[in-house]
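What follows is each chain in one-letter form.
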Amino acid sequence: MSIKSLAGAIGMDYESVIEDFCGDVSALKETLKAFASADYQALKNAVDANDKESVKKEAHRIRKSAEKLGLNNLRTAASRLEEVSEEKIPADYAHLETILKSTVEAISKENL
């Protein structure tokens, strides 16, 4: 599967991302690999500890990566968690985790 096909599967705005990467598909592949292999345990730990500041920090990191890769659904979910009240952290994290896992699995499966 090409990156363009993968883009459809993960909700990537392919045309915009290719433009941002100046057409450098190799750089995009490396960025996708890095995103898929990143450690997201710190966010789960922060959620489990109900550490709102750490949740915001980790959600921000994910949001920025999602923005760079044109992953709009993931960006929106991370943004919501970044700005969430303490009561809503578990629900918003669960939503983000679902999107994040499916995105990482799809990228990893591609063997870029």
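Here the structure is a predicted model, which is why all the values come from computation and not from measurement.

Visitor: Help me understand the environment of Ala94 in this model?
Guide: The topology assignment puts Ala94 in helix 7 (residues 89-109). Sequence separation between Ala94 and Val47 is 47 residues; the distance between their C-alpha atoms is 9.9 Å.

Visitor: So what exactly am I meant to see when it comes to the side chain of Thr103 here?
Guide: Tracing the backbone through its elements, the reader meets Thr103 in helix 7. Thr103 gets classed as buried once you look at its relative accessible area, which sits at 4%. Apart from residues no more than four positions distant in its own chain, Thr103 is found in contact with Ile10, Phe35 and Leu71.

Visitor: Explain unusual backbone geometry here, please?
Guide: Note: most peptide bonds trans; most residues except glycine with negative phi. Unusually for a residue other than glycine, Cys22 sits at a positive phi of about 55°. Among the structural elements, Cys22 can be located in the loop between helix 2 (14-20) and helix 3 (25-37). The phi angle at Asn50 is positive, at roughly 55°, despite the residue not being glycine. The residue Asn50 is located in the loop between helix 4 (41-48) and helix 5 (52-68) in this model.

What counts and what doesn't
- Residues numbered from 1 in each chain as written.
- Predicted model: local features only at pLDDT ≥ 70, side-chain atom pairs only at ≥ 80, totals over all residues.
- Heavy atoms only, no water.
- Helix = DSSP H or I, 4+ residues; strand = E, 2+ residues; numbered from the N terminus.
- Buried < 20%, exposed > 50% of the residue type's maximum accessible area, 1.4 Å probe, protein only.
- Contact = heavy atoms within 4.5 Å.

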